[in-house]
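# Inside the fold
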Amino acid sequence: MTLTTDAAQDLVQELLRAGVSQVDSSVLARGMYSSDASLYRVVPEVVVRPQHVDELHAVHAVSRFSAVPVTMRGAGTSIAGNAVGEGIVVDTRDLKRIIAIDVDARTATVEPGVVHADLQRAAAPHGLRFGPDPSTHSRCTIGGMIGNNACGSRALGYGRTADNVEAATVLFGNGEVGSFDSRSGAAQGATARQLLGLAQGDLAHVRTRFGQFSRQVSGYSFEHLLPENRGRIERFLVGSEGTLATVLEAEVRLVVDDPRRLLLVLGYDTVSEAADAVPHILDAAHGEFGPNSLIACEGMDSRLVALVRSAGKPVPQLPEGQSWLFVEAAGDAADAVIERVKTASSAVDTRFIESSAEAAALWKIREDGAGLAGISLQTPAHSGWEDSAVPPKHLGAWMRDFESLLKEFGLQGYPYGHFGDGCIHCRIDFPFKHGDPSSTGVFRDFMLACAERLAVYGGSLSGEHGDGRVRSELLPFMYDETSLDLFAQAKRICDPQNLLNPGIIIGPQLEGARAGQPGGTGARVNTEDIRPTRPKQTLPWPGLLMAHDAGDYGAAVHRCSGVGRCVAPRTTGVMCPSYLATTQEKDSTRGRARILQEAMDGTLVHGLSDPAVHEALDLCLSCKGCASDCPAGVDMAAYKAEALHQKYDRDAEGLPRRRLRPRSHYVLGRLPVWAKLAAPVAPLANLMMQLTPLAAAAKWVAGIDQRRSVPRFARRTLRRAAQQLSPLDATGSSARPRSATHVPGASRATSATRATGAGQPDVWVWADSFTNHFFPESGLAAIEYLQSQGLDVRLIQKEGCCGLPWISTGQLDQARRRITQAVEVLAPYVSSGVPVIGLEPSCLATLRSDALELSDTEEARIVAAGVLSFAELLTRLEREGRVRLPDLSGVDVVAQPHCHQSAIIGWEPDRMLLESAGATVTKVAGCCGLAGNFGVEKGHYETSVAVAETYLMPAVRDQRQRGGDTVVLADGMSCRIQLDDLADVPAMHLAELLNSRERDARSTRAPL
Ligand SMILES: Cc1cc2nc3c(=O)[nH]c(=O)nc-3n(C[C@H](O)[C@H](O)[C@H](O)COP(=O)(O)OP(=O)(O)OC[C@H]3O[C@@H](n4cnc5c(N)ncnc54)[C@H](O)[C@@H]3O)c2cc1C
Ligand code: SF4
Ligand code: SF4
């Protein structure tokens, strides 16, 4: 169904007239909501975001009146194409009230848009939690969980969503509102009566075909309508994927959140052997300790874990084996359960995870399974067949069949999932080819073959994700004609106009079923709406190498599979600060990726110069949070830089062409050049910037928001100041002057010795442009501190700018020249084996990552692998016993790691140093909000402040209230400027903190 422009406009007007406040039919909105986390792309006509449940009534009234379909949506993390649709898409994330928590009854009443993690947070103080635990818990909504009957890792112990819904108020597609609560008697209302009548009509059939095992999630769950199950309409509707009714409010069960959780990891040689062990493990635990004694029994392939390791992220030690089962028990009997499981497991090796931090790290790896699995093979792996379930006793046999089917079709995938429930997830490298519709044939044939084989085990096509677009038309493999007829009748009763998520669960397959054949002649696979098979453009002349995607920008932006970690309302990392600040889809990594995908391959957005691309990227801070936090490795800062480069520096054929850029690009985007020019007259330049009219004019020219201060140039650059430094000897006196800066022959050297000269120091310090021109104190502090430890420290005098401002504004040709020069300067020093450190984390991160995107030389690789942060150097030196940290006992440190440091370098060495010196450390999540040019540019002030208010400012305010010996630590120039502007808080670099405390200690040690 595609509406004409006029009809679409009429629809918008109808919705507005009906009182729906946020109605958006822009290209941007339609592009962003055309996908969920599935393979599918269906462009809606309009997206609405109700601010009140009453608006949901209005949306549905308009839908019925205009005969336009409606698809409900929470976080849009559905993997089967359940949350995309033509017509109206309803984003419910503003309906997020937790209406009540009844601690005695252990229930919570919520609106549908409440995020699972927010409910957990609200329940936690009462020692309670919502049981089902999908991997997407940080962002998925209760409405979406009800839609899909979501389960997750702990459903073994706590049940599926269906088992945890106690009551619900819903709006059926026929317009009737129903409130259902089996505790207050039989379900009332015409629709409910008809539904109950359906089950009553063939009780024997319903009893023998439905609810045969816990993960029979495909189709409609008629077992809940049986009299022995008290005819629970509210539970029957769970898993109906928004095709029968819209949930307006739900009361869900809470369970006791036992703080005592034990995790045992069992190792097996193969995944099939792990699967074989599952029934024995379940029998052992359940036989002796009861049905819910095991909370989780999850399968994990070693190759997925290897991927985490290869990304340089820490992975706790795991037992021997190629496949693991993560087994969790909780409560008083947990020790005994775990011991019993271990005995029954036949594992080749086991490891009991004692530390809760290690357990959390392992669960996080398991949660990221889908994202990791998507990028674990040589070619991208896809969802589609990835959610089937069998009764656990058949898991080993089904796993072997599944693996042999993969082999038969020449496909690969690494299985993982909820093995204890018989549910296997697996992303598969279907050979979708861009521009070749026939390439979907392998996908279709594989799906059909799997569905046929699964039926032998009485399995379910879906174990928790729902049927969506990908599996609904396969239902005839799983259900007979009578069952499919029941589905059709239920749909006709609840949604006679077929307006609620049409095509899902109820589709053309019914005709096949009526033909009376197993699988039905109508059983088929929806391949028309699949995303990756669409023709793909490449950039003829990209500025970045896109090394992780073989130089293909299109492939890079398609990394985003929509798993939605970037739309979580909270983070402990960085991603995605702009979404956290605005909560708008367009300001999320996912929203941006969708628009870039449309620009490359879609029909709505016309190239990277399209206004929709600008709108989507405008509030991206280029913080690189996604580069490390997104499980699929989306690096939006890089994609934005490339998009800007293409827009301003390339024509339609990709040939060089210069277009006029925003003013800020010429000033802020070339800041190191201006800083160098201003250096000789820095005091005068600073003085002039204090004169209001001059400053206002300068800000206007530079495209700086008037509310921002202009960064002050250092009176003496680091290079000049270091020349006059009197180094301290090991005992702390400054009696032994020597040249700390002389670097003979560094510029044109071809070998390390020629470059660095004879008589190597212990440490080289690189004067990056920001430290050199704006914050030389951090460089001087680093030098002084290291010298106080008796080390010979010298500053590299030769200039070398990493070009970061050019990169973030997409001036990539100039950036390449600069970084190439910096690499030429630094490579001989790094090659010499003497540690080279950089003080400004963003510049260091640029050398460590962006350099490799701009330069494919061995020198760039040497520099990227060799330059160190101050904390990394100290960690190394401390290990070697060459430095002694000052005593930081009693010091309360609130630290804002620079976002690029978090993403590229990591902040763990900093934390460990501080803690080992005795400080109490609070690490601030997110980004400071300034992020280089971003926060000072005109038009970004409000967002920049909102980002700072997400985590940084509250942390600083909390610290102020605590009082005592407090330090705000921020190594990044951006973070320090932001703190200075917004909180009037002087922040320190780690080097300044250590040096000042060391100085204090020296002065108290010095004889009077
Ligand atoms: C990486 C990844 C891991 C996952 N892991 C798990 C897992 O471990 N376990 C699991 O069960 N699932 C998992 N899922 C699937 C998905 O995250 C869950 O089903 C989740 O509960 C969906 O929530 P959502 O808010 O994103 O819903 P959406 O995807 O937005 O919607 C889900 C369905 O509910 C319907 N719906 C939404 N709101 C309403 C409403 N108010 N009334 C009626 N219908 C509504 C939608 O139309 C749609 O059919 C995973 C998905 C991803 C991408
Ligand atoms: S950007 Fe990453 S985290 Fe966000 S939806 Fe895409 S894949 Fe998921
Ligand atoms: S770079 Fe930062 S702001 Fe931009 S999408 Fe990634 S996490 Fe969000």
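Being a predicted model, the structure only gives us computed values, none of them experimental. (Residues numbered from 1 in each chain as written. Chains lettered and ligands numbered in written order. Predicted model: local features only at pLDDT ≥ 70, side-chain atom pairs only at ≥ 80, totals over all residues. Heavy atoms only, no water.)

### Quick notes on the sheet that holds strand E19 (residues 793–796)
Here is the rule we go by: One requirement defines pairing of two strands: DSSP has to find at least two bridges between them. The way it works is that DSSP assigns letters per residue, a run of H or I at least four long becomes a helix, a run of E at least two long becomes a strand, and they are numbered from the N terminus. For helices, the fitted line uses only the C-alpha atoms of the stretch in contact; every axis is such a line through C-alpha atoms, and the angle between N-to-C directions lies from 0 to 180 degrees. Contacts are assigned to residue pairs with any non-hydrogen atoms lying within 4.5 Å of each other.
Sheet architecture is open: three strands sit in the order E19-E18-E20, paired in parallel fashion. Edge positions in the sheet fall to E19 and strand E20 (836–838), since each of these pairs with one other strand and no more. Across this sheet, the average inter-strand angle for adjacent strands is 35°, counted without regard to direction. Pairing geometry for strand E18 (residues 763–766) and E20, over three bridges, is parallel. By the bridge assignment for E20, Val765 is matched with Ile837. Running over the sheet, helix H34 (residues 776–788) touches E18, E19 and E20 and is turned about 155° from E19.

### Structural notes on the environment of Lys407
Rules: For the exposure calls, accessible area comes from a 1.4 Å probe over protein chains only, and a residue counts as buried if that area is under 20% of its type's maximum, exposed if over 50%, partly exposed in between.
Within the element layout of this structure, Lys407 appears in helix H15 (residues 395–408). You can call Lys407 exposed: its relative accessible area is 72%. Along the chain, Lys407 and Phe487 lie 80 residues apart, while their C-alpha atoms are 35 Å from each other.

### As for the sheet that holds strand E22 (residues 920–923)
Hydrogen bonds along the backbone pair up the strands of a sheet, which may run parallel or antiparallel. Here we have three strands laid out as an open sheet, ordered E22-E21-E23, and parallel in their pairing. Strand pairing shows two members of the sheet lacking a second neighbour, E22 and strand E23 (966–969), which therefore form its edges. The average angle at which neighbouring strand axes cross in this sheet is 20°, direction not considered. Alignment of strand E21 (residues 892–895) against E23, held across four bridges, turns out to be parallel. When the bridges of E23 are listed, Val893 appears paired with Val967.

### As for the nonpolar core
Rules: Buried Ala, Val, Leu, Ile, Met, Phe, Trp, Tyr and Cys residues that are joined via side-chain atoms within 4.5 Å together make up what is termed a nonpolar core.
Leu195, Phe222, Ile233, Leu325, Trp385, Phe443 and Phe446 are the most contacted members of the largest nonpolar core, which totals 107 residues. If you tally residues by element for this core, the top one is helix H10 (residues 271–289), at eight residues. With 100 residues, the next largest nonpolar core counts Val567, Phe713, Ala827 and Ala860 among its residues.

### Points about the pairing of strand E8 (residues 165–172)
Most of E8 is tucked away, with seven of its eight residues classed as buried. Note that E8 and strand E10 (residues 245–253) share seven bridges and pair antiparallel. From the neighbouring strand, Phe172 faces E10, where its bridge partner is Ala245. Relative to strand E9 (residues 177–181), E8 runs antiparallel, the two being bridged by five bridges. Residue pairing for E9: Thr169 is matched across the bridge by Ser179.

### Points about the pattern of salt bridges
Oppositely charged side chains may form a pair once their charged atoms are brought near each other. Heads up, the rule is: Any Lys or Arg side-chain nitrogen located within 4 Å of an Asp or Glu carboxyl oxygen qualifies as a salt bridge.
Under the defined criterion, the tally for this structure stands at 67 salt bridges. In this structure, the salt-bridge partner of Arg183 is Glu251, at a minimum N-O distance of 2.9 Å. Placement of the pair is Arg183 in the loop between E9 and helix H7 (190–201) and Glu251 in strand E10, with a sequence separation of 68 residues. Judged by its relative accessible area of 43%, Arg183 falls in the partly exposed class. Across the pair Arg707 and Glu942 runs a salt bridge whose closest N-O atoms are separated by 2.8 Å. Taken together, the residues Arg707 in the loop between helix H30 (692–702) and helix H31 (718–723) and Glu942 in helix H42 (residues 941–950) connect sequence positions 235 residues apart. Looking at Arg707, the relative accessible area reads 46%, which means it is partly exposed. Given a relative accessible area of 48%, Glu942 falls into the partly exposed group. The network of salt bridges with common partners includes Arg49, Asp91, Arg93, Asp94, Glu585 and Arg590.

### A word on the environment of Ser462
Looking at the secondary structure, you find Ser462 in the loop between helix H16 (440–456) and helix H17 (468–471). Between the C-alpha atoms of Ser462 and Gly219, which are 243 residues apart in sequence, the distance is 8.8 Å. Leave out the neighbours within four places in its chain, and Ser462 touches Arg215, Val217, Ser218, Asp387, Asp467 and Arg471.

### Description of a nonpolar patch on the surface
Rule in force here: Patches draw on residues past 30% relative accessible area with no salt bridge. Two like charges within 9 Å are joined, as are two nonpolar side chains (Val, Leu, Ile, Met, Phe, Trp, Tyr) within 5 Å. Areas reported as accessible are Shrake-Rupley estimates using a 1.4 Å probe. Residue values count occlusion only from the protein chains shown.
Among the surface-exposed residues, Val681, Leu684, Leu687, Met688, Leu691 and Leu694 lie close enough to one another that they form a single nonpolar patch of about 520 Å² accessible area. With three residues, the top contributor of residues to the nonpolar patch is helix H29 (residues 682–688). By secondary structure assignment, the location of Leu691 is in the loop between H29 and H30.

### A short note on the packing of helix H36 (residues 812–831) against helix H38 (residues 858–866)
Stated formally: Any angle between 65 and 115 degrees counts as roughly perpendicular, while under 35 counts as roughly parallel, over 145 as roughly antiparallel, and the rest as oblique. By definition, any crossing whose near helix is turned counterclockwise from its far helix by less than a right angle is left-handed, and any crossing with a clockwise turn is right-handed. Basically, the charged four are Asp, Glu, Lys and Arg, the nonpolar ten are Ala, Val, Leu, Ile, Met, Phe, Trp, Tyr, Cys and Pro, and anything else, Gly included, counts as polar.
Relative orientation of the contacting elements H36 and H38 amounts to 60°, with a least axis distance of 9 Å. What the angle tells us is that H36 and H38 run oblique. Like other packed secondary-structure pairs, H36 and H38 cross with a definite hand, here left-handed. Only Glu859, Ala860, Ile862, Val863 and Gly866 of H38 make contact with H36, whose side of the interface consists of Val823, Glu824, Leu826, Ala827, Val830 and Ser831. For the contact of H36 with H38, a count of residues per class yields seven nonpolar, two polar and two charged.

### Focus on the packing of aromatic side chains
Let me state the cut-off plainly: Pairing of aromatic side chains requires ring centres within 6.5 Å, counting the rings of Phe and Tyr and the six-membered ring of Trp. Pairs whose planes differ by under 30 degrees are stacked, by over 60 edge-to-face, and all others tilted. Two thresholds decide whether a charge sits over a ring: the Lys NZ or Arg CZ must be within 6 Å of the ring centre and within 35 degrees of the ring normal.
Following the criterion strictly, the structure yields 23 aromatic pairs and no others. Ring pairing ties together the aromatic residues Trp385, Trp398, Phe402, Phe409, Phe430, Phe432, Phe443, Phe446 and Tyr457, which thus form one cluster. The aromatic ring of Trp541 is capped on one face by Arg650, whose charged end is 4.7 Å from the ring centroid.

### Here we look at the site of ligand 1
Going by this rule: Put simply, a residue is near a molecule or strand once any heavy atom of it comes within 4 Å of that molecule or strand. Polar contacts, as used here, are pairs of N or O atoms within 3.5 Å; protein pairs need one atom able to donate a hydrogen and one able to accept it. Residues neighboring in sequence count only if both atoms are side-chain atoms.
Taken together, 36 residues are adjacent to ligand 1, and Met72, Gly74, Thr77, Ser78 and Thr136 come closest. In the model, an oxygen atom of ligand 1 is placed 2.9 Å from a nitrogen or oxygen of the Ala75 main chain. Between ligand 1 and Glu464, the relevant distance is 2.9 Å, taken from a nitrogen atom to a side-chain nitrogen or oxygen of the residue. When isolated, ligand 1 has an accessible area of 970 Å², and the protein chains bury 98% of it. Elements supplying a minimum of two residues to the shell around ligand 1: strand E3 (70–73), helix H5 (142–148) and E10. No other element matches the five residues that H5 contributes to the shell around ligand 1.

### Concerning the side chain of Asp971
Counted only if it meets this: Residues scored as charged are limited to Lys and Arg (positive) and Asp and Glu (negative), so that His and the chain ends carry no count.
Here Asp971 lies in the loop between E23 and helix H44 (973–983). Buried and unpaired, Asp971 has no salt bridge, with Arg976 as the nearest side chain of opposite charge at 6.4 Å. At 2.9 Å, the side chain of Asp971 and the backbone nitrogen of Leu990 are in polar contact. Asp971 has contacts with Leu839, Glu840, Pro841, Gln901, Asp910, Arg976, Met988, His989 and Leu990, leaving out every residue within four places of it along the chain.

### Some words on unusual backbone geometry
Cis geometry is adopted by the peptide bond preceding Cys576, which originates at Met575 and carries an omega value of -15°. Looking at the secondary structure, you find Cys576 in the loop between helix H21 (553–557) and helix H22 (577–582). Although it is not a glycine, Met546 adopts a positive phi angle of roughly 45°. When you line up the elements, Met546 lands in the loop between helix H20 (509–514) and H21. On the accessibility criterion, Met546 (4% relative accessible area) is buried. Despite not being glycine, Ala931 has its phi angle at roughly 45°, a positive value. Looking at where Ala931 falls in the secondary structure, it is placed in the loop between E22 and H42. You can call Ala931 buried: its relative accessible area is 12%.

### Description of the environment of Ser769
Its location among the elements puts Ser769 in helix H33 (residues 769–773). Assessed through its relative accessible area of 13%, Ser769 is described here as buried. Residues Ser769 and Lys676, 93 residues apart in the sequence, show an inter-C-alpha distance of 8.5 Å. With residues near it in sequence (within four places) discarded, Ser769 still touches Pro672, Phe774 and Cys801.

### So, the confidence of the model for the chain
In plain terms, the rule: Each residue carries a pLDDT score, the predictor's own confidence in it, on a scale running from 0 to 100.
Counting all residues, the mean pLDDT for the chain is 92, and 94% of those residues have values of 70 or more. This model gives residues 727–756 a pLDDT under 50, and the stretch forms 68 contacts once residues within four places in sequence are excluded.

### A short note on the side chain of Asn148
Looking at where Asn148 falls in the secondary structure, it is placed in helix H5. On the basis of relative accessibility, which here comes to 12%, the residue Asn148 falls in the buried class. Asn148 has contacts with Ser78, Asn82, Val217, Gly239, Glu241, Glu464, His465 and Gly466, leaving out every residue within four places of it along the chain.

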